[in-house]
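Here are the chains, one letter per residue:
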Amino acid sequence: MTIFSKIIDGEIPCHRVYEDEHVLAFLDIGPLSRGHTLLIPKMPAATMAELSDDAAAAMGRVLPRLCRAVMAATGCTAYNLLQNNGAAAHQEVMHVHVHIIPKHDDGTGLDLTWRPDTLDDAQSLATAIANAM
Ligand code: 5GP
């Protein structure tokens, strides 16, 4: 059982900002910036790939409204959505979650290092992924 399951069950408190039958959103305890919020499904899946279509749809349905609420409450006009899967990809809590991270004028928010490469072998790669869908 992860800490997020305990938050869903009410065993551990959180600063809740939204809840419905399928999802819960609450403030991150270690915010990268003011308003840093987490959205989690109630389904206890570790990664996005393990999530049901319905649970993913429930998250997708609320995300735009949650982003608008974070923007309205904090005054931010820019923000990142971050969704880590697997320890190697910086996931610490093994329960699916989307970070909504405001990028404020003072520079607080998500720091990204982005090193684009050239797209090699695109057609066979696209075909391989398409065939796996
Ligand atoms: P990850 O690296 O797994 O994508 O991020 C996990 C996030 O969960 C971190 O930003 C961390 O601050 C947050 N977090 C971990 N434990 C708790 C907790 O008990 N309560 C809240 N509100 N956030 C937590």
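A. Highlighting the overall build of the protein. Each helix and strand counted, the protein has three helices and five strands in total. Starting at the N terminus and walking to the C terminus, you meet the elements of the protein as α-β-β-β-α-β-β-α. Seen through its C-alpha atoms, the protein measures out along the principal axes to roughly 45 × 35 × 25 Å. Within the span of the protein, comprising 133 residues, buried residues form 32% of the whole.

B. Spotlight on the packing of aromatic side chains. Enumeration over the complete set of coordinates arrives at one aromatic pair. Their ring planes at 80° and their centres at 5.5 Å tell us that Phe-4 and Phe-26 sit as a pair that is edge-to-face. Placement of the pair is Phe-4 in helix 1 (residues 3–9) and Phe-26 in strand 2 (residues 23–27), with a sequence separation of 22 residues. For Phe-4, a relative accessible area of 6% corresponds to the buried category. On the accessibility criterion, Phe-26 (3% relative accessible area) is buried.

C. Summary view of the site of the ligand. Residues in close proximity to the ligand total 16 residues, the closest being Asp-28, His-90, Glu-92, His-97 and His-99. A distance of 3.5 Å separates an oxygen atom of the ligand from a polar atom in the backbone of Gly-30. One nitrogen or oxygen atom from the main chain of His-90 is found 2.7 Å from an oxygen atom belonging to the ligand. Across the complex, the protein chains shield 85% of the 520 Å² of accessible surface that the ligand would expose by itself. Listed by contribution, the elements that provide at least two residues to the shell around the ligand are helix 1 and strand 2. The dominant element in the shell around the ligand, judged by the number of residues it contributes, is helix 1, at three residues. Residues belonging to the shell around the ligand are distributed by class as follows: eight nonpolar, six polar and two charged.

D. View of the pattern of salt bridges. Using the criterion set out here, one finds three salt bridges in the structure. The partner of Arg-16 in a salt bridge is Glu-19, with the nearest N and O atoms 2.6 Å apart. Judged by relative accessible area, Arg-16 falls into the exposed class, the value being 55%. Put simply, Asp-111 and Lys-103 hold a salt bridge, and the shortest N to O gap is 3.6 Å. Given a relative accessible area of 66%, Asp-111 falls into the exposed group. Relative accessible area serves as the criterion here: at 27%, Lys-103 is assigned to the partly exposed category.

E. Main features of the environment of Ala-45. Its place among the elements puts Ala-45 in the loop between strand 3 (37–41) and helix 2 (53–74). It is 7.8 Å that separates the C-alpha atoms of Ala-45 and Met-94, two residues lying 49 residues apart in sequence. Here Ala-45 is in contact with Glu-50, Leu-51, Met-94, His-95 and Val-96, once residues within four sequence places are set aside.

Here is what the cut-offs are and how they apply
Residues numbered from 1 in each chain as written. Predicted model: local features only at pLDDT ≥ 70, side-chain atom pairs only at ≥ 80, totals over all residues. Heavy atoms only, no water. Helix = DSSP H or I, 4+ residues; strand = E, 2+ residues; numbered from the N terminus. Buried < 20%, exposed > 50% of the residue type's maximum accessible area, 1.4 Å probe, protein only. Phe/Tyr/Trp six-rings, centres within 6.5 Å; stacked < 30°, edge-to-face > 60°. Near = heavy atom within 4 Å. Polar contact = N/O pair within 3.5 Å; in protein donor to acceptor, adjacent residues only side chain to side chain. Areas by Shrake-Rupley, 256 points an atom, 1.4 Å probe, with all protein chains shown as cover. Nonpolar A, V, L, I, M, F, W, Y, C, P; charged D, E, K, R; others polar. Salt bridge = Lys/Arg side-chain N within 4 Å of Asp/Glu carboxyl O. Contact = heavy atoms within 4.5 Å.

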